[in-house]
Structure formats: structure tokens, C-alpha cells
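Summary of the model geometry
Spelled out, the chains give:
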Amino acid sequence: MSQYSDYLDEIETRKEQGLSPKPIDDGALVEEIIEQIKDTGHPHRADSLHHLIYNTLPGTTSAAGAKATFLKSIIVGEVTVEEISPEFAFELLSHMKGGPSVDVLLDVALGDKQDTAVQAGEVLKTQVFLYEADTDRLKAAYEAGNKIAADLLESYSKAEFFTKLPDVDEEIQVVTYIAAEGDISTDLLSPGNQAHSRSDRELHGKCLISEAAQKEIEALKLQHPDRRVMLVAEKGTMGVGSSRMSGVNNVALWTGKQASPYVPFVNFAPVVAGTNGISPIFLTTVGVTGGIGVDLKNWVKKVDEDGKAILNNDGNPILEQRYSVETGTVLTINTKKKKLYSADGSEELVDMAGSFTPQKMEFMKAGGSYAIVFGKKLQTFACETLGIELKSAFAPAKEVSHEGQGLTAVEKIFNANARGATPGKVLHAGSDVRAKVNIVGSQDTTGLMTSQELEAMAATVLSPNVDGAYQSGCHTASVWDLKAQANTPRLMAFMHKFGLITARDPKDVYHAMTDVIHKVLNDITVDDWAIIIGGDSHTRMSKGVAFGADSGTVALALATGEATMPIPESVKVTFKGEMAPHMDFRDVVHATQAQMLAQHGDNVFQGRIIEVHIGTLLADQAFTFTDWTAEMKAKASICISNDDTLIESLEIAKSRIKIMIEKGMDNDVQMLQGLIDIADKRIDEIRSGEKPALRPDDNAKYYAEVIVDLDQIVEPMIADPDVNNADVSKRYTHDTIRPISYYAAEKKVDLGFVGSCMVHKGDIKIVAQMLRNLEDEYGKVEFKAPLVVAAPTYNIVDELKEEGDWAILQKYSGFEFDDLFPKQTARTEYENILYLERPGCNLCMGNQEKAAKGDTVLATSTRLFQGRVVADSETKKGESLLGSTPVVVLSAILGRTPTLEEYKVAVEGIDLTKFAPSMEVPGTARSVHF
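This structure is a prediction, so every number in the text was calculated from the model and none was measured. (Residues numbered from 1 in each chain as written. Predicted model: local features only at pLDDT ≥ 70, side-chain atom pairs only at ≥ 80, totals over all residues. Heavy atoms only, no water.)

1. Focus on empty space enclosed by the protein
Using a probe with the size of a water molecule, rolled over the atoms, empty space left in the structure can be pinpointed. Test applied: Definitions used throughout: a 1 Å grid over protein atoms alone; a cavity as a set of points that fits a 1.4 Å probe which cannot get out; a pocket as an open set with protein on both sides within 12 Å along at least five of seven lines; a lining residue as one with an atom within 4 Å of a point. Grid points are joined across faces, edges and corners, and a volume is the space filled by probe spheres set on the points. Only Asp, Glu, Lys and Arg are considered charged in this grouping, and only Ala, Val, Leu, Ile, Met, Phe, Trp, Tyr, Cys and Pro are considered nonpolar; every other residue, Gly among them, is considered polar. The helix count covers DSSP runs of H or I at least four residues long, the strand count covers runs of E at least two residues long, and both are numbered beginning at the N terminus.
Evaluation of the coordinates by the stated rule reveals nine cavities of 30 Å³ or more. As for the largest cavity, its lining consists of 26 residues, of which Gln 443, His 475, Asp 536, Met 845 and Arg 868 are closest to the centre. Of the residues that constitute the lining of the largest cavity, the class distribution is seven nonpolar, 13 polar and six charged. Considering only enclosed or pocket space, the second largest cavity measures out at about 190 Å³ in volume. Forming the boundary of the second largest cavity are 16 residues, of which Asp 515, Asp 523, Arg 656, Thr 793 and Asn 795 lie nearest the centre. Contributions of two or more residues to the lining of the second largest cavity are made by helix 21 (517–524), helix 25 (643–662) and helix 28 (794–803). For the lining of the second largest cavity, the per-class residue count stands at five nonpolar, three polar and eight charged.

2. Topic: the packing of helix 9 (residues 147–157) against helix 17 (residues 369–386)
Here is the rule: All axes here are fitted lines through C-alpha atoms, helices being fitted over the stretch that makes contact, and every angle between N-to-C directions spans 0 to 180 degrees. In this scheme, roughly parallel covers angles under 35 degrees and roughly antiparallel covers those over 145, while 65 to 115 is roughly perpendicular and the rest are oblique. The sense of a crossing depends on the near helix, which, turned anticlockwise from the far helix by less than a right angle, makes the crossing left-handed and, turned clockwise, makes it right-handed. Here, residues are in contact when the closest pair of their heavy atoms is within 4.5 Å.
Between helix 9 and helix 17, whose axes approach to 8 Å, the crossing angle comes to 125°. Comparing the axis directions of helix 9 and helix 17 gives the class oblique. For the crossing formed where helix 9 meets helix 17, the hand is left-handed. Residue-level contacts link Leu 153, Glu 154, Tyr 156 and Ser 157 of helix 9 to Leu 378, Gln 379, Phe 381, Ala 382, Cys 383, Thr 385 and Leu 386 of helix 17. For the contact of helix 9 with helix 17, the residue count by class is seven nonpolar, three polar and one charged.

3. Overview of unusual backbone geometry
Apart from glycine, the bulk of residues carry a negative phi angle, and the bulk of peptide bonds sit in the trans form. How we decide: Exposure categories follow from relative accessible area, calculated using a 1.4 Å probe and restricted to protein chains: below 20% of the type maximum is buried, above 50% is exposed, and the middle band is partly exposed.
One non-glycine residue, Lys 338, lies in positive phi territory at about 60°. Its location among the elements puts Lys 338 in the loop between strand 11 (330–334) and strand 12 (339–342). The phi dihedral of Ala 458 falls on the positive side, at around 65°, and the residue is not glycine. Relative to the assigned elements, Ala 458 resides in the loop between helix 19 (444–456) and strand 17 (468–471). Of the residues examined, Ala 458 reaches a relative accessible area of 6% and is grouped as buried.

4. Points about the nonpolar core
Inclusion rule: Think of a nonpolar core as a cluster: buried Ala, Val, Leu, Ile, Met, Phe, Trp, Tyr and Cys residues, connected wherever their side-chain atoms sit within 4.5 Å.
The biggest cluster of nonpolar side chains holds 188 residues, and the ones touching the most others in it are Ile 84, Met 457, Tyr 470, Leu 787 and Leu 809. Considering every element that reaches this core, the biggest residue donor is helix 17, with nine residues. Dropping the residues within four chain positions of it, Ile 84 is found in contact with Leu 49, Leu 52, Ile 53, Leu 71, Ile 74, Ala 89 and Leu 92. In terms of nonpolar packing, the next biggest core, distinct from the first, is built from 53 residues, Val 612, Phe 625, Val 708 and Ile 713 among them.

5. Description of the pattern of salt bridges
Short version of the rule: Salt bridges are defined as contacts in which a side-chain nitrogen from Lys or Arg sits within 4 Å of a carboxyl oxygen from Asp or Glu.
This structure, assessed with the given rule, holds 56 salt bridges. Two residues, Glu 160 and Lys 164, come together in a salt bridge whose shortest N-O distance is 3.9 Å. The salt bridge partner of Glu 685 is Arg 682, with a shortest N-O separation of 3.1 Å. In this pair, Glu 685 and Arg 682 are both assigned in helix 26 (residues 671–688), three residues apart and thus about one turn of the helix distant. Across the pair, Arg 682 and Glu 685 agree in class, each one buried. One network of salt bridges, with partners in common, ties together Lys 761, Lys 765, Arg 772, Glu 799, Glu 803 and Asp 805.

This is the structure in C-alpha cells:
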């Protein structure tokens with residue numbers, strides 16, 4: 001069978017699913033299609049032409065290479081195709097973005113045929129995705145006296161690829177569609193359980209919200225053909241939970257504009273809105289696609305005569321509606337005045353200055369942020385080559401500097417890593433900074449999208465500016481099903497070739513490592529001054545400053561070694577009092593959220609850096625705090641560590657990197673060994689006093705300060721999704737923090753889960769010790785609910801086996817993972833036993849394993865959003881309550897939430913967390929976690 005015959009079979013299968021032919025990325029298939037086009041009598045010639053023109057992916061795919069070569073043969077007259085004139089061939093090349101297409105255009109532009117060389121030069125003037133190999137050719141031709149090269153450089157020096165683009169429309173007419181009330185998780189826009197299809201954009205688009213919602217959106221578009229549908233989170237924040245490029249892609253697919261008539265299912269410029277704006281990391285992703293994010297502020301707190309919020313019976317502020325955005329409401333966005341108006345423009349509704357900064361306007365004009373990043377580099381290159389002064393065509397970076405004001409920790413990091421800023425100028429929060437990225441992480445359910453983005457921007461190799469880059473396999477670790485078998489090896493092979501350390505070896509030399517990506521990134525971050533970008537919202541390290549990002553931003557960081565963003569404001573978090581011996585550090589995390597809301601009323605963490613002064617905790621346990629900051633809606637978090645603590649954390653990181661090297665995971669450039677060298681250098685700097693651990697200046701300025709009183713933390717706490725709250729906007733937030741006594745030992749628990757990035761070795765040791773305690777107390781342990789345990793890393797499992805803790809877990813387990821025979825189907829039913837699952841994300845991700853529908857799950861994980869860990873049944877809402885490891889374990893054994901007395905008995909003798917807020921020597925602040 002030919003590849004084309006197989007493709008026809010696939011087309012028929014997709015047709016049954018209501019899908020169009022899948023976009024082609026295989027060069028061998030395109031070669032076959034080209035041969036059918038050349039054969040004027042071929043029965044499939046017409047379809048072959050259509051597939052080549054409209055259904056072949058651009059960039060650096062092998063398909064794009066074959067297409068570009070064929071188009072070149074038409075341009076130079078080697079082949080004649082009636083339907084594709086040389087002029088049309090040039091147009092098709094202009095839509096292919098870079099890589100093979102730019103290579104072909106340079107061949108023609110720098111060739112001997114003057115007429116086609118000029119045409120190729122005109123097309124090249126519109127292209128921005130040029131890499132070093134391309135610009136080196138151009139420079140050499142210019143220096144050799146080539147007139148086309150000189151003309152091109154002249155155009156690039158003026159950035160005509162950008163300046164000649166049409167401006168953003170002054171008025172944008174929109175019609176609203178309320179996606180849901182309350183905070184909208186990106187799971188609604190791109191469910192985790194559909195992660196396998198993210199790189200198939202049309203197929204994945206079918207999971208947006210619901211089929212009914214899709215029909216309603218289509219109906220709105222028919223009713224309002226001249227308006228764009230604006231997706232709204234009523235009484236909530238849009239896009240909480242993750243950056244999720246697939247969510248933005250889905251919104252754009254249904255409501256945005258087509259990027260190119262020759263590239264299927266790639267849309268851009270969505271308009272999304274929320275009463276409380278857009279989640280920071282999701283807003284970044286919206287900007288990547290040239291979209292618009294709107295902070296509606298259409299509901300406000302009702303206040304009394306003294307300006308204080310009036311509360312309802314539940315203690316929540318009463319909201320008043322300022323204006324309606326119910327589905328079908330027509331509104332006008334004025335991009336020049338930067339305001340949202342009523343349909344006829346007579347009533348100003350809300351200021352949108354934040355949506356239309358000069359930089360965001362450039363993204364909108366260029367069709368996304370990538371073109372701006374590459375355009376700036378291209379203009380700089382041209383000016384340097386021509387030896388002329390750079391007069392940037394782009395908005396100058398905003399540089400905010402306050403004389404005499406010190407720097408917060410994040411301000412220090414950005415100043416140290418800034419590129420292209422005014423020399424010697426100290427930058428404060430609000431400044432736009434192009435910064436070096438030290439560590440980049442790609443995870444497996446977004447990785448194929450990242451690889452697509454890399455191909456689309458014609459990138460072929462990891463930037464040498466990146467110290468460490470890692471591709472994980474944790475999100476698909478639970479079930480080695482057909483989807484994982486099809487996607488994972490392909491992803492690992494691409495990323496290995498690109499230059500990343502990969503969890504799975506494409507050559508099958510070392511054992512697959514399904515360790516949770518955040519844990520690995522936390523280990524390979526070996527400098528507290530580092531900037532980390534990761535393809536997951538929980539990219540929150542306890543060293544350096546880490547930002548969760550969409551797959552496109554990850555691709556850009558991998559390709560360029562840089563990221564551009566404003567320096568965020570910071571909120572300082574300090575601690576006082578003494579921690580009760582029976583409390584777990586997870587309770588400190590929950591208390592921080594609760595006490596912050598009590599102290600400030602509103603979430604002051606949202607969109608800002610949490611600078612947490614937690615210096616006596618080593619990296620693993622401090623990570624529990626920084627990891628949770630994603631749920632606090634913070635932009636990122638920074639740990640302020642003692643010198644000795646930081647040194648010990650770096651030594652631990654070194655030991656884990658050495659294990660990776662011993663497994664055979666290092667690559668040709670010895671990236672992992674390079675990280676050990678960086679760690680050694682940093683340790684020497686700290687010990688010598690040359691450069692102590694990162695600390696803010698005493699006179700740094702903060703947006704707010706939160707003081708967490710440890711004396712108030714007297715019983716375990718649970719983050720409750722509050723699924724039956726009468727106010728829909730209060731459901732599934734992470735703001736409802738309740739003490740264990742609230743449930744009066746009456747809350748039934750159907751399943752317990754200890755796992756995800758929020759736990760580490762100490763947590764699994766706690767499970768083992770609690771089983772010993774309860775065995776001593778009652779003679780044996782019987783589970784009244786299933787308990788799923790998934791260690792986050794293989795190192796933890798290996799160490800627990802050596803230390804004897806794994807044996808007690810095995811004693812009570814009814815299932816233990818086996819890497820030789822991994823599960824090939826997801827578990828749908830659970831018995832009341834202990835399940836020892838493969839290291840990885842497991843239930844927390846919800847894309848493979850899930851609890852039974854309608855269950856009440858008590859978990860250590862991070863997500864309590866609707867449908868993530870557990871879906872609703874026809875009769876009962878699924879609940880995902882979040883708590884500490886000891887609470888989860890005991891609740892699974894009891895089948896309900898415990899009393900405080902039962903809890904204390906179960907943790908007797910376990911040194912849960914000896915956390916002291918004062919900066920004492922770390923050796924005095926040990927617990928079972930170490």
C-alpha cells in the first residue's frame with residue numbers, strides 16, 4: 001500500500017468522526033502527492049493539488065521541505081503545473097514561515113535569474129523567521145556585492161516586514177458568550193483527558209466547553225457575521241489553572257481569525273474576558289496569538305456608607321452588576337481610546353488600557369508575539385550588517401526606575417538577566433524586560449504542540465544560551481495506552497534531536513523516567529538567580545524564579561534562550577509564632593491563603609510574585625509552598641533561603657543530577673555535567689562570601705505584605721471546592737480553606753490520593769509511618785476507601801526501598817506498578833486497598849486515571865477544578881478536596897474525615913514539620929521530610 005492510499009483510508013475514518021483530512025507533516029507523503037500532480041491524467045490529481053496547497057503544514061516539517069523544493073522547481077522553470085504559476089508558488093512560499101521556504105527563497109533571490117531573484121527578494125521582505133544560517137548567507141552575499149541582498153538588508157533595517165502590515169482596527173465589534181459563571185479553568189476550554197489530541201487542532205477543538213456550547217457559538221457567528229465572539233467568565237477569572245495553549249487554540253478555532261488560507265485550523269486573535277480579568281499565565285498565552293484579554297469589572301462589591309463591603313449570610317461580599325454581558329450582548333472595543341463601550345459607543349463601560357499596551361498592540365498587528373521577537377532580532381542584524389544606527393520600529397521597552405528604592409528578589413533576578421536594557425539603569429517592577437532564560441521544561445501533554453511551534457518558527461536546535469532543558473514523560477505515566485504509545489516516542493525523538501534531556505530515551509538505552517516535571521526542574525535549577533520557563537502552570541521552583549508558560553512560549557525560550565515580560569510586583573510573605581508539632585507544612589500553605597484573604601480582603605497574590613521568606617526549609621519542602629502559588633493565582637514565587645540551606649539544597653540537586661548522568665541521560669554536549677559545574681560555582685560563591693544567597697534589599701518596595709501567624713494553625717486544613725455553594729462564582733476556587741473540625745468527622749471520603757508535585761519523599765515516609773502507628777494501635781489496618789499513592793520520582797521509590805519504608809507499603813498494597821508490564825487501560829473502579837502507582841502525575845492530571853464519577857476525593861494534589869480529578873455523576877457532584885498527606889491517609893482508612901483526636905493519634909511520633917520562621921541554622925530545622 002502507498003502512503004497516499006493509507007492517507008485516503010485515514011480520511012474516510014476521520015469523515016465518520018466529522019473531521020476534515022488531517023494536515024500533512026510527512027515529506028514522503030508529499031513526495032507521492034507531487035508525483036500525482038505531475039501526472040496530468042492521475043485520478044487523484046485534483047485532490048493531490050488541494051492537499052499540497054491547503055493541507056500541508058509549514059515550517060520545518062519534512063512535508064514543508066518537500067513542498068518548498070517542488071515550488072522552487074516551478075519558479076525556476078524545471079516543472080510546469082497549470083494550477084500553480086510561479087507567482088502563486090511565491091505566494092505559497094510566503095505563507096510557509098521559514099526553514100525550507102526561506103532556504104528556497106534565498107536560493108532564488110541570490111541566484112542568477114534577475115526577474116525571479118527580484119520576486120524572491122520581495123517575498124523575503126515579508127519574512128521574519130530567519131536563523132543564523134539564513135542571515136549568514138545574506139551577509140555573505142551582501143559583502144560579495146549582491147544587490148538583492150543589499151536591498152533586503154535595507155528593508156530589514158527599516159523593519160518593513162512589520163511597518164507595512166495593516167494597523168489594528170480602531171473599532172472591534174464583539175458579541176458575548178458566557179462560557180460559565182465563576183472562575184473558568186482552562187480544563188473547560190481544553191480538558192486534560194483530551195490531552196492526547198492537542199496537536200490535532202481540529203479534533204481537539206471538539207472538546208471546547210461542550211457540543212451544545214459550540215453550536216451556540218456558531219449560531220452567534222451567523223447572527224452577527226461582522227462581530228467577533230468574546231468568551232466570558234461571568235463573576236470570575238478566565239483561564240485559571242494553567243497557561244494551556246490548547247485552550248487558546250480552541251477558543252481561536254471557534255471565535256478567532258484564520259492565520260493563513262493555506263494552513264488549516266490555525267487561527268489567532270481570540271477575544272476572552274472575565275469579570276475579574278484573565279489569569280496571568282493564560283493572558284500571556286492569549287498575547288502569543290495576538291488576542292485580546294478584557295478585565296470586565298462588570299460586577300463590583302456592594303459597600304456601606306463607610307465604604308466597607310456588605311457581606312451576605314455566608315460572609316461573602318454582595319456583588320452589584322454595573323453592566324450586563326449576558327450571552328448575545330453586543331459591545332464595541334475601541335483600540336485607540338482603549339475602552340470598552342456599549343454597542344453604539346454611547347456608554348463607556350470599562351477602561352482597557354492594560355489590554356492595549358504598545359507591546360500588546362504590536363502582537364495584535366503582527367498576528368502574535370513570535371513575529372515581534374524575531375522581527376527585533378532581524379532588524380538589529382540588518383543594521384549591524386549595514387553599519388548603520390538602529391532606529392527601532394518597535395515600541396521601546398518600558399523602563400521603570402525609582403532612585404533610592406531597593407530591589408525585591410525578582411527585580412534583582414531580572415536586572416541580572418536583562419538583555420538590551422539601558423546600560424547601568426536599575427529596573428523596578430513594571431519594566432518590560434528581555435531576559436535570558438536559564439532552564440526550560442517541556443511536558444508531555446503539551447510537548448507535541450511545542451514541537452509544532454518549533455517547526456512553525458523554523459527552529460532546529462536548542463539555543464546555546466539555555467543551561468538546561470528537559471522533556472518530561474510524567475503526564476502520561478499512568479497508562480501506556482495506544483495514545484501514549486503513538487505520541488510519546490515521537491515527541492521524545494524530536495526533543496532529543498533538538499537538544500533536550502529527555503525522560504524517555506529514543507534509543508531505549510536508559511530506563512524511562514516518568515518523574516514529575518516540576519520535581520526534575522527543581523533539581524536541575526542550580527542557581528538561585530536563574531529564570532525558568534516551563535510548559536506547565538506548576539513550574540514554580542524553590543530556587544530562582546519560574547514561570548509556567550504555554551507551549552509556544554516554551555518553544556520560543558528553547559529556540560532563542562530568552563523570554564520577554566514585564567517585571568511583576570511582589571508580595572512579601574513572612575512568618576511568626578511557633579508551629580504545632582502535629583501540623584504538616586501543607587497546613588502552613590493553606591493557612592497562608594486563608595490569612596492573606598483575612599488580612600487583605602482581596603487576593604493580593606493574583607498576578608504578582610510571592611516572595612516567601614522561608615529560609616530554613618530545604619528545596620523539596622519549600623517547593624510545596626511555591627508549587628501551591630499557582631493556585632493562589634500568583635505569577636510566580638521566590639524562596640528567600642539561608643546560605644547554608646541553599647548550599648545543602650544545591651548539594652542535593654547535584655546528587656540527583658549525578659543519578660541522571662549515571663543512568664545515561666546526559667546528551668552530546670554534556671548538559672547535565674554542565675549543570676553540576678554551575679552548582680559547584682554557585683556553592684563556592686556562597687561559601688566565600690563573594691555572592692551570598694539571593695536576598696531582597698531592605699528598602700525594597702512591595703505591593704503588599706502578608707504575615708502568617710503559625711500560632712493560629714492548630715488543626716489540619718482542607719481546600720474545599722464548595723461544590724454546592726449557592727453562589728456559583730464561589731465554587732471550585734482555592735479560597736475556601738476549612739479546618740478539619742468543620743466536617744465533624746462526618747464527611748464521607750470515597751478515595752484518597754497521595755501524589756503529584758505537591759509531595760516528596762517525606763510524604764511517602766509519612767504514609768509508611770502512619771501505617772506502622774495504626775498497626776501498633778489496632779493490630780492491623782483496614783481501608784474503608786481506596787488509597788492511591790504515586791511517588792513523584794523514581795529516586796524516592798529507590799530510597800524508600802533502601803530505607804525499609806517500601807516494604808510496609810507493599811504489605812498493604814493490592815496493586816504495585818510494574819515497568820515491565822505497564823497498565824494499558826485506565827482504572828475505572830477501585831477496591832478498598834492501597835495502590836502503589838508508577839511515579840508521575842496520575843490522578844492529579846486527570847487525563848488518564850480518574851476517580852469514579854461523583855466520588856468525594858481527598859488528595860494531596862493541586863487541582864480541585866470541576867471534572868479534573870473526578871467528574872460529576874448523574875446524581876452527585878464529584879468533589880476534589882485538598883489536604884495534607886496524613887489527613888488523606890487517615891481519611892482513606894476511616895472512610896471519612898477524622899476528628900482532631902484521631903488525627904493526633906495517627907501522627908504520634910512523626911516529626912511532620914519542624915519549621916521555624918527565624919533564620920536559624922538548617923540543621924536544627926529537620927523533620928521526617930529530610
